Amino acid sequence: MSELEPPESLPYLNFGRRHHLVQYISDRDEENTYMKCLLLRVEHYKCSQNVKHEFLVLYFTHWNSSSDTAVICADRSVEAAAAESSGLLTPSSSENVAQDLVTVIGGAMATDITQYLRFKFKSFKRISSLSFSSDHPSALQISILLDLVNKQDTNYHIFGAQCYWFCDVVCRSLERLFQGVEELHGPDTRGHLGLIPVVRTSEGDVSDVNQLQIQRAATRAQIREEGGAWAQLKINEQQRQIAERDRQLEEIRAEQQRQNAERDRENAERDHQIMEIHAEQQRQTAERDRQIEEIREQERAEQQRQFEEMRAEIERMRAQFAASKDIQ
């Protein structure tokens, strides 16, 4: 294997409003904050729809505060241009260029992470977690490892170097290099499309990545030597990722506003229906009261009529009695 070269750019880490973005270049290792940000755990996810895409979510500690964390998402897909030009992806083609993405989610707020993942991947479930008891890899080591995995195979193969392969090589390499401890959260469906096993990483893939451990010190020297150019690459990458994240957040906000407007419309329509029902109930109540009052009025009139008839009958009987008494 050729000598390990540093990656062309590194992802930045965003710990929210309390801290600035991580600064990974320094003349001295003790000031290199990208080496001080440590990986807490890696979570392996699998999408529920279509091709059951797999991706990783990585949690990093802040270099100066262990209670603050930053989160990135890493996965492999195929460039859209290659998929569109060929119509269908062939099992092995050099034209299917892999697209390995590392996306900054932000601070480790559960709502932010879930909101972003649902926006990008729709529905998914967590398959496993990989944690570290003592030897935590740094953000710098993770960036080099991801770059090395990309260089293992830069093309996307349906039955080989696709998202299943990418996630498996990264996790197994971390497990071997840094004594990671794996925990399953349900049935192990990694590398499977339904019940069909699609790919399984070879030991050669993992062994190649393990050479990172031997070349770690030399890699740090290379990074310091090319610090100026890398710093500019980092700034450009930061700006691109910030713009992309702002765009995604704007789309999320627009969708939330649309949902809120739809909910307000439904609430207004429901309130209107309730008011109509209430008005109809009042109308029916008034009509019932009117009918009851009319019946009562008729009853009172009938009682008055009967009373007048009885009084007239009594007067008549008195007159007859008086007349018979006069005759006698």
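This is a predicted model, so every value here is computed, not measured.

Re the pattern of salt bridges
No. 1: Across all of its chains, the model carries 25 salt bridges by this definition.
No. 2: For Arg190, the salt bridge identified is with Glu182, shortest N-O distance 2.7 Å.
No. 3: Using a relative accessible area of 37% as the deciding quantity, one classes Glu182 as partly exposed.
No. 4: Residue Arg290 pairs with Glu294 through a salt bridge whose shortest N-O separation is 2.9 Å.

Quick look at the pairing of strand 3 (residues 69-78)
No. 1: In terms of residue burial, strand 3 counts as a mostly covered element, since nine of its 10 residues are buried.
No. 2: Where strand 2 (residues 54-61) and strand 3 come together, six bridges link them in antiparallel fashion. Bridge pairing links Tyr59 to Val71 in strand 3.

Thoughts on the side chain of Ser138
No. 1: In this structure, Ser138 sits in the loop between strand 5 (124-131) and helix 4 (139-152).
No. 2: Non-local contacts of Ser138, meaning those with residues more than four positions away in its chain, are made with Tyr34, Met35, Cys37 and Leu38.

Quick look at helix 5 (residues 163-177)
No. 1: With 15 residues, helix 5 should cover 21 Å at 1.5 Å per step; its first-to-last C-alpha distance of 21 Å lies within 8% of that length.
No. 2: With 13 of 15 residues buried, helix 5 lies mostly within the body of the structure.
No. 3: Backbone nitrogen of Tyr164 and a side-chain oxygen of the N-cap are separated by 3.1 Å at the start of helix 5; the cap is Gln162.
No. 4: Within two residues after helix 5, Gln179 carries a phi angle of roughly 50°, on the positive side.

A short note on the confidence of the model for the protein
Do not read the fine detail of predicted coordinates wherever pLDDT is low.
No. 1: Scored by pLDDT, the protein comes out at a mean of 76, with 70% of its residues at no less than 70.
No. 2: Confidence drops under a pLDDT of 50 for residues 1-12, and excluding neighbours within four residues, the segment shows 44 contacts in the predicted structure.
No. 3: Counting interchain partners and residues more than four positions distant, the pLDDT-below-50 stretch residues 14-30 has 56 contacts.

Reading guide: rules and limits
- Residues numbered from 1 in each chain as written.
- Predicted model: local features only at pLDDT ≥ 70, side-chain atom pairs only at ≥ 80, totals over all residues.
- Heavy atoms only, no water.
- Salt bridge = Lys/Arg side-chain N within 4 Å of Asp/Glu carboxyl O.
- Buried < 20%, exposed > 50% of the residue type's maximum accessible area, 1.4 Å probe, protein only.
- Helix = DSSP H or I, 4+ residues; strand = E, 2+ residues; numbered from the N terminus.
- Pairing = 2+ DSSP bridges.
- Contact = heavy atoms within 4.5 Å.
- Expected span 1.5 Å × (residues − 1).
- Polar contact = N/O pair within 3.5 Å; in protein donor to acceptor, adjacent residues only side chain to side chain.
- pLDDT = per-residue confidence, 0-100.

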